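# A closer look at the structure
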Amino acid sequence: MITRLAKAGLAAALSVTTLATGATAAAAAPAATTSTSAQHVTVSQSGNYPGGFFTTGNMSVAWTVSGTADLTGPTHITLDLPPGVTTDGAMFFPTPPDYTFTTALSPDHRHLEAVFTATRAVGSYNFMKLNLATTPGVPIVGAITATVANPNDTDPTGHVSGYDLGSKSYLPATVQAAPAATGLDTATGPGTGGTEVTVSGSNLANGMVLVGGVPAPGRCTDTACTVTTPGGTGSAPVSVVTPGGTASAPVTFDYTGAPPPAPAAPVVSSLSPVSGPAVGGTRVYLFGSNLTYGSVAFGGVPATHVSCGPTACTATAPAGTQPGAVGVTVTTAGGTSAPVTYTYTA
């Protein structure tokens with residue numbers, strides 16, 4: 001699988017565990033809730049919003065895993081700002097970097113989209129920080145809206161958060177209507193990607209288009225999504241993932257010609273800890289390069305709770321057959337890494 005990044009509108013991407021002096025800490029993660037979907041993610045927002053004497057501010061947009069199983073696949077987050085309020089992009093904090101995170105910012109700096117791809121356990125909480133600015137002479141009114149969506153989440157509740165700058169209050173919870181995808185204007189293109197495709201339908205606002213399961217950069221309105229295809233092969237299903245659910249297009253996108261080049265082979269340079277009990281269950285951190293979307297194995301046995309970014313993976317070691325050394329590998333579309341030794345202890 002090829003990692004394809006959206007055009008960056010990112011002002012800064014930081015790997016730190018503390019916030020700069022004067023920044024407002026994100027609100028505490030909401031408690032896990034019972035969901036009709038095993039994989040469920042909810043969105044919230046908080047901050048020092050501009051208003052009154054304050055013409056600048058900052059805020060957080062957070063997403064929390066609140067289902068009953070690990071959240072997997074790409075999670076799409078959007079932020080819409082009212083007229084006169086802008087942002088220069090998002091700052092993202094977690095370490096280790098066992099994820100991919102990309103953003104795209106609209107030319108008017110009022111709409112931001114992010115795609116976060118990782119595996120996260122129930123109760124996990126991630127957030128991005130944004131600085132806000134206002135336009136002189138434009139009243140600081142209107143709503144700030146944040147949304148979240150994931151293709152594995154079939155419960156549409158908790159996906160929309162609104163804050164009204166005029167009344168300085170959070171808006172009642174809403175649920176976006178379920179989407180429908182009715183067709184593609186272009187259904188073929190080269191395996192290297194780069195084809196512009198418009199997906200038509202309804203209730204597509206705040207959507208993310210997946211082509212063969214890979215996010216395609218672009219933008220959705222309520223009735224259409226215009227995106228650029230990633231590289232791929234064969235007949236790829238097309239779907240639109242919105243806060244209201246996921247809609248599959250009635251036709252596939254068919255790749256023609258040569259496939260895209262394979263990504264570079266993964267390399268694992270170190271891991272920590274280097275040993276753990278033979279019963280398994282140890283959380284292990286792997287570091288290296290070209291690890292995105294990798295799977296991890298200990299002595300050929302798949303690890304669980306695996307999450308990989310370009311330079312790091314986290315994984316839970318499976319049980320070993322007996323005490324002793326085994327090779328740990330990461331496998332991606334580019335191949336399998338050379339093994340690094342992990343020792344099972346009695």
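Refer to the structure printed above.
Residues numbered from 1 in each chain as written. Predicted model: local features only at pLDDT ≥ 70, side-chain atom pairs only at ≥ 80, totals over all residues. Heavy atoms only, no water.

Further remarks concern the overall build of the protein chain. The helix and strand tally for the protein chain stands at 0 helices and 31 strands. Computed over C-alpha atoms, the radius of gyration of the protein chain comes to 21 Å, within 12% of the 20 Å expected from 2.2 N^0.38 for 346 residues, which places it in the range of a compact globule. A principal-axis box enclosing the C-alpha atoms of the protein chain has dimensions of 70 × 50 × 35 Å. Out of the 346 residues in the protein chain, the part that is buried amounts to 48%. Sequence separation of 24 or more characterises 67% of the internal contacts of the protein chain that already satisfy a separation of 6 or more. About 14700 Å² of surface is accessible on the protein chain, with carbon and sulfur atoms providing 60% of the total. On the protein chain, the mean spot of the 8 positive side-chain charges and the mean spot of the 13 negative ones are 9 Å from each other. (Helix = DSSP H or I, 4+ residues; strand = E, 2+ residues; numbered from the N terminus. Rg over C-alpha atoms; globule rule 2.2 N^0.38 Å. Buried < 20%, exposed > 50% of the residue type's maximum accessible area, 1.4 Å probe, protein only. Contact = heavy atoms within 4.5 Å. Areas by Shrake-Rupley, 256 points an atom, 1.4 Å probe, with all protein chains shown as cover. Lys, Arg positive; Asp, Glu negative; His and termini not counted. Charge placed at Lys NZ, Arg CZ, Asp CG, Glu CD.)

Under the definition given, this model contains 14 aromatic pairs. For the pair F92 and F116, a centre-to-centre distance of 5.6 Å together with 65° between the ring planes defines the contact as edge-to-face. Of this pair, F92 sits in strand 4 (residues 85-92) while F116 sits in strand 6 (residues 111-117), placing them 24 residues apart in sequence. Judged by relative accessible area, which is 2%, F92 ranks as buried. Overall, the relative accessible area of 2% leaves F116 in the buried class. Clustering of aromatic rings is evident, with ring pairs tying together W63, F92, Y99, F101 and F116. (Phe/Tyr/Trp six-rings, centres within 6.5 Å; stacked < 30°, edge-to-face > 60°.)

A word on the environment of G166. Its place among the elements puts G166 in the loop between strand 9 (160-164) and strand 10 (169-170). The contact partners of G166, leaving out residues within four places of it in the chain, are I140, V141 and G142.

A separate point is the state of the cysteines. Evaluation of the coordinates by the stated rule reveals 2 disulfides. The side chain of C220 participates in a disulfide bridge whose partner is C225; the two sulfur atoms lie 2.0 Å from each other. An S-S torsion of about 110° defines the bridge between C220 and C225 as right-handed. This pair shows no difference in class: C220 is buried, exactly as C225 is. (Disulfide = S-S within 2.5 Å.)

Attention now moves to the side chain of T87. If you trace the backbone, T87 turns up in strand 4. A relative accessible area of 2% means that T87 is categorised as buried. A distance of 3.3 Å separates a polar atom in the side chain of T87 from the backbone nitrogen of G89. Dropping the residues within four chain positions of it, T87 is found in contact with L81, L105, H109, L130, N131 and L132. (Polar contact = N/O pair within 3.5 Å; in protein donor to acceptor, adjacent residues only side chain to side chain.)

In this fold, D164 is placed in strand 9. Linking D164 and A143, residues 21 residues apart in sequence, is a C-alpha distance of 4.3 Å. Within the structure, the side chain of D164 is placed 3.3 Å from the backbone nitrogen of G166, a separation counted as a polar contact.

Turning next to the pattern of salt bridges. In total, this model carries 3 salt bridges according to the counting rule given. We note a salt bridge from D108 to R110, for which the minimum N-O separation is 4.0 Å. According to the relative accessible area criterion, D108 is partly exposed, its value standing at 42%. Given the relative accessible area of 28%, R110 is considered partly exposed. (Salt bridge = Lys/Arg side-chain N within 4 Å of Asp/Glu carboxyl O.)

Our next topic: the sheet that holds strand 15 (residues 214-216). Strands in a sheet are paired, the pairing made by backbone hydrogen bonds, and the direction either parallel or antiparallel. Sheet architecture is open: 4 strands sit in the order 15-14-19-20, paired in antiparallel fashion. Taken across any chain shown, the strands that pair with only one partner, and hence form the sheet edges, are strand 15 and strand 20 (245-248). Strand-to-strand twist across the sheet, computed as the mean angle between neighbouring axes with direction ignored, equals 35°. Pairing between strand 19 (residues 238-242) and strand 20: 4 bridges, direction antiparallel. Each bridged residue has a counterpart across the sheet, and for V240 the counterpart in strand 20 is A247. (Pairing = 2+ DSSP bridges. Axes fitted to C-alpha atoms, helices over the stretch in contact; angles between N-to-C directions.)

In short, shape yes, function no, at least from these values alone.
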